[in-house]
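# Structural characterization, general
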Amino acid sequence: MEELSDLITSLGPAVEDAEEESFLLFSQDIPSANLGFVDSRATSVEITIRGQDYTIYQSPSLLSSSRAGGTTGAVLWKITPLFAEWISSQSSSPLWKHSLLSSSSTVVELGCGISGLIALALAPTVQYYIATDQEYVQRLFRENIDSNVSSTPRNQPSSSQSKGRKRGGLPDQKSKRKEKLPNKPRHNITFTSLDWELDIPSSLKHSLHTETPVPREVKNSSNKKNDNDNNEDEDKGFDLLLSCDCIYNEALVAPFVRTCADICRLRPVFNSTRNATQSARSPTICLIAQQQRSPDVFEAWLQETMRFFHVWRVSDEMLGDQLKLGTGYLVHLLLLREGA
């Protein structure tokens, strides 16, 4: 776990007081971003991430409907392309720099929405990517994955852009013909519905439809397992849990945090004093990105989160100009507490 210890050291002190953190963040000048939609009226928007164009189909009519259970996942939100660009950049994301993400990593996303944009940007560089949300987003999610299947992120970084114009028919084939890079098949992206209050996270990997356990890096030759591995060969856990702009009212806080904790319990808990050879599996790292809206909702989320997790706010230096403090966006890194 040396790589994770190095990352924690680089993050600086953990958040100790939810009220103080909330006051600090919301006392800053926050740019107006309305509710945070890219374009809530367009049936499709075009996004550029690190030099690669994506056409994202969405449903304004579903967003404005009275569907029970919410409709916010029906359109693309502004923070999503910014976060997708940051987390998928191997030259700037601290998880890549500290070798905590690799081609053998497994990733789960909570509240993916219809866009599939984070999956499209990150999945080509990891082994498995499971996107989860309510069932109503699945059709457009799959359409966006399939229609952007030939889009492969390039190595050079570039800014994310949204043209936000309405479009009909197929994605822009002209921009796709320019892309001649080899593609990693999108069979490593899986969608599964997940109800934060009713479903069991330990079964998430069943959606991969594979009979063999997901490969993992074994950092010792003894192949010893501790009690957290339950003496089983199957690894039900994940290297990384992502969530982007999912918390917008206090009713969502408790089930969301509980689901994050349940997923993290599928892997060993981080302990800086534990010998790395005690477990072949690394703890699950959580990255929670969100737009600053209500200080009350944010503080409620942070208070509940700190009951189960150690929390660090990712620094401006790590995030870069598009997500740093003052942009109206926040990214926090979580690690499950022992005994939580």
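Residues numbered from 1 in each chain as written. Predicted model: local features only at pLDDT ≥ 70, side-chain atom pairs only at ≥ 80, totals over all residues. Heavy atoms only, no water.

Identification of the protein as Diaminohydroxyphosphoribosylamino-pyrimidine deaminase from Aspergillus tanneri is taken from an unreviewed UniProt entry.

Below, the discussion takes up the nonpolar core. Grouped together as the largest cluster of nonpolar side chains are 65 residues, with contacts concentrated most on Phe 83, Ile 87, Leu 95, Tyr 129, Leu 242, Leu 287 and Leu 333. With sequence-adjacent residues up to four places away left out, Phe 83 is seen in contact with Ile 118, Leu 242, Cys 244, Leu 287, Ala 289, Leu 323 and Val 331. With 39 residues, the next largest nonpolar core counts Tyr 128, Ile 247, Val 257 and Val 297 among its residues. (Core = buried A, V, L, I, M, F, W, Y, C linked by side-chain atoms within 4.5 Å. Buried < 20%, exposed > 50% of the residue type's maximum accessible area, 1.4 Å probe, protein only. Contact = heavy atoms within 4.5 Å.)

Once that is clear, we can look at the state of the cysteines. Counting across every chain of the model gives zero disulfides. Between Cys 246, a free cysteine, and Cys 244, which holds the nearest cysteine sulfur, the sulfur-to-sulfur gap is 7.4 Å. Unpaired in terms of disulfides, Cys 264 finds its nearest cysteine sulfur in Cys 286, a separation of 3.3 Å. (Disulfide = S-S within 2.5 Å.)

The next point concerns the pattern of salt bridges. This structure, assessed with the given rule, holds nine salt bridges. For the salt bridge of Arg 139 with Glu 143, the shortest nitrogen-to-oxygen distance reads 3.6 Å. Here the residue Arg 139 and the residue Glu 143 both occupy positions in helix α7 (residues 138-147), the gap between them amounting to four residues, near one helical turn. Using a relative accessible area of 30% as the deciding quantity, one classes Glu 143 as partly exposed. Here Arg 267 ties to Asp 239 by a salt bridge, and the two come within 3.2 Å at their closest N and O atoms. Taken together, the residues span a long stretch of sequence, with Arg 267 in the loop between α9 (253-264) and β8 (285-291) and Asp 239 in the loop between β6 (189-193) and β7 (240-244) at a distance of 28 residues. Across the pair, Asp 239 and Arg 267 agree in class, each one buried. A network of salt bridges, in which partner residues are shared, links Lys 205, Asp 235, Asp 239 and Arg 267. (Salt bridge = Lys/Arg side-chain N within 4 Å of Asp/Glu carboxyl O. Helix = DSSP H or I, 4+ residues; strand = E, 2+ residues; numbered from the N terminus.)

A few words now on the side chain of Ser 115. Inspection of the secondary structure puts Ser 115 in the loop between β3 (106-110) and α6 (117-122). Relative accessible area serves as the criterion here: at 4%, Ser 115 is assigned to the buried category. In this view, Ser 115 contacts Ile 56, Leu 76, Thr 80, Leu 120 and Asn 144; residues no more than four positions away in its chain are not counted.

What follows concerns the packing of aromatic side chains. Scanning all chains against the criterion turns up six aromatic pairs. Aromatic side chains Trp 196 and Phe 256 sit 5.1 Å apart centroid to centroid with 65° between the ring planes, which places their arrangement in the edge-to-face category. Of this pair, Trp 196 sits in the loop between β6 and β7 while Phe 256 sits in helix α9, and the two are 60 residues apart along the sequence. Take Trp 196 and Phe 256: they sit in the same class, and that class is buried. One aromatic cluster is present, formed by Phe 26, Phe 298 and Trp 301 through successive ring pairs. One cation-aromatic arrangement involves Lys 205 over Phe 238; the distance from NZ or CZ to the ring centre is 5.2 Å. (Phe/Tyr/Trp six-rings, centres within 6.5 Å; stacked < 30°, edge-to-face > 60°. Lys NZ or Arg CZ within 6 Å of the ring centre and 35° of its normal.)

Right, let's get into the pairing of β3. Of all five residues making up β3, five are buried, and the element is well covered by its neighbours. Across five bridges, the pairing between β3 and strand β4 (residues 128-133) is parallel. Across the sheet, residue Glu 109 finds its bridge partner in β4, namely Ala 131. Handedness of the crossover is the feature at issue here: the chain leaves β3, passes through α6, returns alongside β4, and the resulting connection is right-handed. For β3 and β7, the ladder comprises four bridges, and the chain directions are parallel. Within β7, the residue paired with Glu 109 across the bridge is Leu 242. (Pairing = 2+ DSSP bridges. Right-handed = clockwise from strand over helix to strand, strands pointing away.)

To continue, consider the packing of helix α2 (residues 18-26) against helix α10 (residues 295-308). The N-to-C vectors of α2 and α10 enclose an angle of 145°; their axes lie 9 Å apart at closest approach. The hand of the α2/α10 crossing is right-handed. Where α2 abuts α10, its residues Ala 18, Glu 19, Glu 21, Ser 22, Leu 25 and Phe 26 lie against Pro 295, Phe 298, Glu 299, Leu 302, Gln 303 and Met 306. Each residue belonging to the contact of α2 with α10 can be placed in one class, and the counts come to seven nonpolar, two polar and three charged. (Axes fitted to C-alpha atoms, helices over the stretch in contact; angles between N-to-C directions. Left-handed = near helix turned anticlockwise from the far one by under 90°. Nonpolar A, V, L, I, M, F, W, Y, C, P; charged D, E, K, R; others polar.)

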